[in-house]
Amino acid sequence: PNTAVGQIYTDSTSTNKTPANQELGKSTLSSLSEKIDINFLFRSSLEFPSGSENQGAIRLNESRLELRGDLTPELSFRVRYRLNRGFAPNSLDNAPGAIDHANVTYRFGNEKKWHLTAGKQSASVGSWEFDKNPTFEYQYTEYVNRQLNLFLLAMKLGYDITENHTFQVQLHNTFNNDFNATFNGTGYAKDGLRPSKTPLGLYVAWLGNMFDRKWQTFYSYNVSQFARDKTNHGVSIGNQITLDRLSGYLDLQSANLAVDYPNIGSPAANALGASSPAFVPTFLQDVNYKTAVLRLDYEFIPKWFLTTKGYYETASHREDGGIGDNFRKNMGYWAGLEYKPIASQDMKLFTYYYYNTTRYNNAVAQANANQKMHLFAVGVLYFVNAL
Amino acid sequence: PNTAVGQIYTDSTSTNKTPANQELGKSTLSSLSEKIDINFLFRSSLEFPSGSENQGAIRLNESRLELRGDLTPELSFRVRYRLNRGFAPNSLDNAPGAIDHANVTYRFGNEKKWHLTAGKQSASVGSWEFDKNPTFEYQYTEYVNRQLNLFLLAMKLGYDITENHTFQVQLHNTFNNDFNATFNGTGYAKDGLRPSKTPLGLYVAWLGNMFDRKWQTFYSYNVSQFARDKTNHGVSIGNQITLDRLSGYLDLQSANLAVDYPNIGSPAANALGASSPAFVPTFLQDVNYKTAVLRLDYEFIPKWFLTTKGYYETASHREDGGIGDNFRKNMGYWAGLEYKPIASQDMKLFTYYYYNTTRYNNAVAQANANQKMHLFAVGVLYFVNAL
Amino acid sequence: PNTAVGQIYTDSTSTNKTPANQELGKSTLSSLSEKIDINFLFRSSLEFPSGSENQGAIRLNESRLELRGDLTPELSFRVRYRLNRGFAPNSLDNAPGAIDHANVTYRFGNEKKWHLTAGKQSASVGSWEFDKNPTFEYQYTEYVNRQLNLFLLAMKLGYDITENHTFQVQLHNTFNNDFNATFNGTGYAKDGLRPSKTPLGLYVAWLGNMFDRKWQTFYSYNVSQFARDKTNHGVSIGNQITLDRLSGYLDLQSANLAVDYPNIGSPAANALGASSPAFVPTFLQDVNYKTAVLRLDYEFIPKWFLTTKGYYETASHREDGGIGDNFRKNMGYWAGLEYKPIASQDMKLFTYYYYNTTRYNNAVAQANANQKMHLFAVGVLYFVNAL
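Reading the values: the criteria
Residues numbered from 1 in each chain as written. Chains lettered and ligands numbered in written order. Predicted model: local features only at pLDDT ≥ 70, side-chain atom pairs only at ≥ 80, totals over all residues. Heavy atoms only, no water. Helix = DSSP H or I, 4+ residues; strand = E, 2+ residues; numbered from the N terminus. Rg over C-alpha atoms; globule rule 2.2 N^0.38 Å. Buried < 20%, exposed > 50% of the residue type's maximum accessible area, 1.4 Å probe, protein only. Contact = heavy atoms within 4.5 Å. Areas by Shrake-Rupley, 256 points an atom, 1.4 Å probe, with all protein chains shown as cover. Core = buried A, V, L, I, M, F, W, Y, C linked by side-chain atoms within 4.5 Å. Patch = residues over 30% accessible without salt bridge, like charges linked within 9 Å, V, L, I, M, F, W, Y side chains within 5 Å. Salt bridge = Lys/Arg side-chain N within 4 Å of Asp/Glu carboxyl O. Least-squares fit on C-alpha atoms with pLDDT ≥ 70 in both. Arc of directions from axis to C-beta. Polar contact = N/O pair within 3.5 Å; in protein donor to acceptor, adjacent residues only side chain to side chain. Buried area = accessible area lost by both parts, 1.4 Å probe. Nonpolar A, V, L, I, M, F, W, Y, C, P; charged D, E, K, R; others polar. Pairing = 2+ DSSP bridges. pLDDT = per-residue confidence, 0-100. Phe/Tyr/Trp six-rings, centres within 6.5 Å; stacked < 30°, edge-to-face > 60°. Lys NZ or Arg CZ within 6 Å of the ring centre and 35° of its normal.

Let's talk about the overall build of chain A
Within chain A, the regular secondary structure consists of six helices and 16 strands. A globule of 387 residues ought to have a C-alpha radius of gyration of about 21 Å, and chain A, at 21 Å, matches this closely. Projected onto its principal axes, the C-alpha coordinates of chain A cover approximately 70 × 45 × 40 Å. Evaluated residue by residue, chain A yields a buried proportion of 59% over its 387 residues. When contacts within chain A are restricted to residue pairs at least 6 apart in sequence, those whose partners lie at least 24 apart make up 62%. If you sum the accessible surface of chain A, you get close to 14,500 Å²; carbon and sulfur atoms cover 56% of it.

See below:
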């Protein structure tokens, strides 16, 4: 892997720009390590969280195995799974949460500018936070962690307009469990909602490189259905910069969910309703989520990095009923120090401090106490490209 | 892999004829890709099933990883597991349903004509439907899907009489869960049945190649015990043809199960009994299952294939009591179109239509409604030989 | 692997002495099989256990996959997991029981004499029984099987004093589940115990080679906390001998557990208390466990081995209350015969007889019947070094 800050292409979570794709012209894929990759994604740290219920401990933060390869100029495959999640399949897609990637890519057409990716894959969503290899991303926004369906069954069609600009259209399952299983899992009332006969969605995305890859764009629009006749919309604007010693991203998003199936804001509204005797908890409808997240990494002396991240997220209710705008806010930041002793290897010793708070406004503040958490961590991370 | 229709040896589900076995004389296993294989079995499709309860979705139909190798002329190993099943072990064999193969083979004797395979392996049952790599088998009979214990702990002894004829004797566990766990799982009454002290079985099988491998036979006889003093018998007659552009198989089977532990016919009989107040559900005894299944694949123009399959299955009750012959029938067929763009790779774009129906006769028809299901699918499959 | 008896270094369970560590001076890790190892740990046998509730069956005794490698002279990684355990993570460490190893090692300092290992790893406990590759260890003491937390999240710092002597200090989680989950899992009363805010422990260990590696030592001291202000202590003395045709180990240990969270002796005491109406089961406090275990392997003619093992374990209660010393004893032994047909491969055909008994003394004998079990097994084992 190229070890310049932020230019590590082989570790991208998404297959949007695979290294093979870029280098197919240069090589005949003759040697084994050009043909296949075996990767191990590892991060472990000693964590001291605040809160009387939390115990300090050494944790296995990330542990994923990856096998990918380019069999011919036309055909690639990618398998990546977590070693610390169960492998029982979800009800709708027959794939477990443990699998991130289980897909194949077929490149075709003039100069192989078209590609089709089928199977479990990453959502074509304009989020550099999500695109970054999880080995290196200590803590996530709720947008990535809970709102997005990150890894999903899909058929993705891409077209490379030039070397630096790609368009993608991705047909995908909205959610990985079916309608009834989702309601059964929460115990919520259906409140008149009916299952969509085809609970699918579509991402349309543009990935661009500008100014010699110093500025990268990943912009996407999504439309999807979870319940019948209830349509969700979302826009994501991701910008990434990569300079000599400074790299970072700024991602912005806004999504209108006709049904709050990610269940981020609904618990707060249900807690408010719980005081009424006849109230039955359910998913909120017509919720808007917004996120802004900024990460910056700076190599202040060779091998030593400062890393910072901050985010601000809001949930608003677009129907009448007293819940209103910004009824829930989620904010957080981290600041950390990293040491990367071996230039050729993505191994770092690190320490960071993290703060997260969730706050409630308007009527729901009566029934939901604000939450906050401090965390101090020290540990080791290593994106191992074993082969 | 040899890419002629139906002559793909490296992807056989069973180890009955491993490529290493056949080529050990030719090679010294010097290079890595001759020594080990890493395979990824993949199929994913967008499916539209009939039925008001079913949602259309993209599904991960198959996702299995395989590692196999020939360490010396005497010793081989094989590991294959599904990425979308839990890994908690079954109660009797200490192996999970996710594992298909976890075995080693030891070849010995004059010209290494004898081989012993120990560990979790495929049943030595005369079924080409089961022997076919699951990547390529869109839908199965109930015989393969539910009646057979496909992957089981066993000790298999084989002898190659000539290059084209092999005999096998396989000592195996009848079922992967123990007697009590099987009853607890269904909630059925034991009805006087007691656990077998050694719930084992034996397959005796002949695999033959005739007319320059154009006709292949896989005939087997099985005797096994699940409950004490209750013996099951089964005969399977599998025939496979492989011509230039046409390939296919015709499998026939009949099995007498002293106890219906696969629980295919018992639910129908229990539904009938449920009207009596004192009735307690249990496994039917003395059930006969029969299956006929025919698959044909035809390369009508280069790279383009027509694929069809049809099956007919019956369940009969051999005791008096009104349930009688053919009280349950299961029938189905598919017709599909496949496109294989890259000659050297087992990747196909496909579409197929599938129909399945289950029908009840005699007394049980009063308590069980006939079922039917239509499915239309379009997707991608790829048997990836990564190494 | 070196195939002399007992000198198989590549298969050690612990990373205490990795082959790479020893050979880094000799090689530039140029070839693939020097750089990475892919291993498959396999043992399967037909077992006939005594006891009316036990069914004879073929079992998958061991099935683990391992991937390890040395990427540079400074950096190694190791992943090993069982194929027959669930992958849902434990509550405290976010790692599943299925993972044995998911760690990275960083060597640094003068002549790379220091090494730091982070992630899930084996406990630095002076037990050759545990250090032995599980492929070859048919049955374990309760010490290894139940008392020790074998594979745990830790940060281990080691220093090679000479080529033959290493010191290790390992900071580790005491247990893999958190305090509340452990009590919820057993249903026990907390009895005034409170969670430790940092339920960590420390191993200090010495590994030594003497007389040209004929005698190897592994001595360790451990201090740890599970409940607040309740400290556990343990000493383990492991000795291993490796002669031309004879090898073996003698491990001795004594541990004082302030809280019996391994729950070995507590069930017997709870069964005694159950006669009192107001009794609520809980973990015993101030328990002492002792173990002596001896294994000997002898190659009596080339390729043929006799293997024997015997162990004696006691549990004592150090508080007043009538339970007293040696209230529970666990004893067992095996004797077996092994045949290793291929000199270069760690594959063996084996058969053994095993006997185990658990006996109760003092007051708890009234409420707990002595247990015994005979087992006869015949099978195949193979530590496959596939790459």
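Topic: the nonpolar core
Phe77(A), Tyr81(A), Phe77(B), Tyr81(B), Phe77(C) and Tyr81(C) are the most contacted members of the largest nonpolar core, which totals 102 residues. Those residues in contact with Phe77(C) that sit more than four places away from it in its chain are Phe40(A), Val384(A), Ala386(A), Leu67(C), Arg68(C), Gly69(C), Leu71(C), Asn103(C) and Val104(C).

Focus: a nonpolar patch on the surface
Residue and element names in this part refer to chain C. Together, Phe211, Trp215, Ile241, Leu243, Leu250, Leu252, Leu294 and Leu296 line one region of the surface with nonpolar side chains, adding up to about 670 Å² of accessible area. When contributions to the nonpolar patch are tallied by element, the ones reaching two or more residues are β11 (246–259) and β12 (285–301). In this structure, Leu294 sits in strand β12.

Some details on the relation of the copies chain B and chain C
With an RMSD of 0.0 Å, the fit of chain B onto chain C corresponds to turning through 120° and sliding 0.0 Å along the axis. The superposition of one copy onto the other is thereby described by a three-fold rotation axis. The residues that chain B uses at the interface reappear at the interface of chain C in only 7% of cases, marking distinct surfaces.

Looking at helix α5 (residues 179–186) of chain C
All names here are of chain C. Of all the residues in α5, the buried ones are Phe179, Thr182 and Phe183. Along α5, the residues classed as buried sweep out an arc of 95° about the axis, all on the same side. Away from its buried face by more than 90 degrees, α5 exposes Asn184 and Gly185. For α5, the N-terminal capping position is held by Asp178, with its side-chain oxygen 3.2 Å away from the main-chain nitrogen of Asn180.

Details of the interface of chain B and chain C
Contacts between the two partners involve 44 residues from chain B, matched on the other side by 42 residues from chain C. For the pair chain B and chain C, the summed buried area comes to about 3,100 Å², and 71% of that belongs to carbon and sulfur atoms. Our enumeration of links across chain B and chain C arrives at zero salt bridges. Linking chain B with chain C are 12 residue pairs in polar contact (both at pLDDT 80 or more). Listing elements by their share of the side of chain B that touches chain C, those giving two or more residues are α2 (32–35), β3 (75–82), β4 (99–108), β5 (114–122), β6 (151–162), β7 (165–173) and α5 (179–186) of chain B. When grouped by side-chain class, the residues that make up the side of chain B that touches chain C number 28 nonpolar, 10 polar and six charged.

Structural notes on the pairing of strand β11 (residues 246–259) of chain A
Residues and elements named next belong to chain A. The pairing of strand β10 (residues 231–242) with β11 spans 10 bridges and is antiparallel. Considered in β11, the bridge of Gly234 is made with Ala255. Hairpin connection, β10 to β11: the antiparallel pair is bridged by three residues. Pairing of β11 with strand β12 (residues 285–301) involves 13 bridges; the strand directions are antiparallel. Across the sheet, residue Leu250 finds its bridge partner in β12, namely Leu294.

Some remarks on the confidence of the model for chain A
Taken residue by residue, chain A gives an average pLDDT of 90. The fraction at 70 or more is 92%. Contacts of residues 1–30 of chain A to residues separated by more than four positions or lying in other chains number 72 contacts, the stretch itself having pLDDT below 50.

Some points on the interface of chain A and chain B
The interface of chain A with chain B comprises 44 residues on the first partner and 41 residues on the second. Summing both partners gives a buried area of about 3,100 Å² for chain A against chain B, and 71% of it is carried by carbon and sulfur. Here chain A and chain B share zero salt bridges between them. Our count for the contact surface shared by chain A and chain B stands at 12 residue pairs in polar contact (both at pLDDT 80 or more). Those elements that provide at least two residues to the side of chain A that touches chain B are α2 (32–35), β3 (75–82), β4 (99–108), β5 (114–122), β6 (151–162), β7 (165–173) and α5 (179–186) of chain A. Residues belonging to the side of chain A that touches chain B are distributed by class as follows: 28 nonpolar, 10 polar and six charged.

What to know about the packing of aromatic side chains
Tallied over the entire structure, the rule returns 78 aromatic pairs over all chains. Aromatic side chains Phe40(A) and Phe77(C) sit 6.0 Å apart centroid to centroid with 35° between the ring planes, which places their arrangement in the tilted category. One end of the pair, Phe40(A), is in strand β1 (residues 36–49); the other, Phe77(C), is in strand β3 (residues 75–82), on a second chain. Of the two residues, Phe40(A) and Phe77(C), neither departs from the other in class, the shared state being buried. Aromatic pair Trp114(A) and Tyr159(A): ring centres 4.6 Å apart, planes at 45°, arrangement tilted. Of this pair, Trp114(A) sits in strand β5 while Tyr159(A) sits in strand β6, placing them 45 residues apart in sequence. Chaining the aromatic ring pairs together yields one cluster made of Phe175(A), Phe179(A), Phe183(A), Tyr188(A), Phe226(A), Tyr261(A) and Phe283(A). Seen from the ring of Phe305(B), Lys348(B) lies directly overhead, with NZ or CZ sitting 4.5 Å from the centre.

Considerations on the pattern of salt bridges
Enumeration over the complete set of coordinates arrives at 51 salt bridges over all chains. A salt bridge links Glu62(B) to Arg64(B); the shortest N-O distance between them is 2.7 Å. As far as the burial class goes, Glu62(B) and Arg64(B) line up, both buried. Among the ionic pairs, Arg146(B) bridges to Glu142(B), the shortest N-O distance being 3.3 Å. In this pair, Arg146(B) and Glu142(B) are both assigned in helix α4 (residues 142–147), four residues apart and thus about one turn of the helix distant. Owing to a relative accessible area of 13%, Glu142(B) belongs among the buried residues under this scheme. Three or more residues joined by partner-sharing salt bridges are found here, namely Glu62(A), Arg64(A), Arg80(A), Arg82(A) and Asp100(A).

A look at the relation of the copies chain A and chain B
The operation relating the two chain copies consists of a rotation about an axis and a shift along that axis. Between chain A and chain B, which share one sequence, the superposing operator has a rotation angle of 120° and an axial displacement of 0.0 Å; the RMSD is 0.0 Å. When you check the interface residues of chain A against chain B, a mere 7% turn up at the interface there too, and the two sides of the contact use different surfaces.

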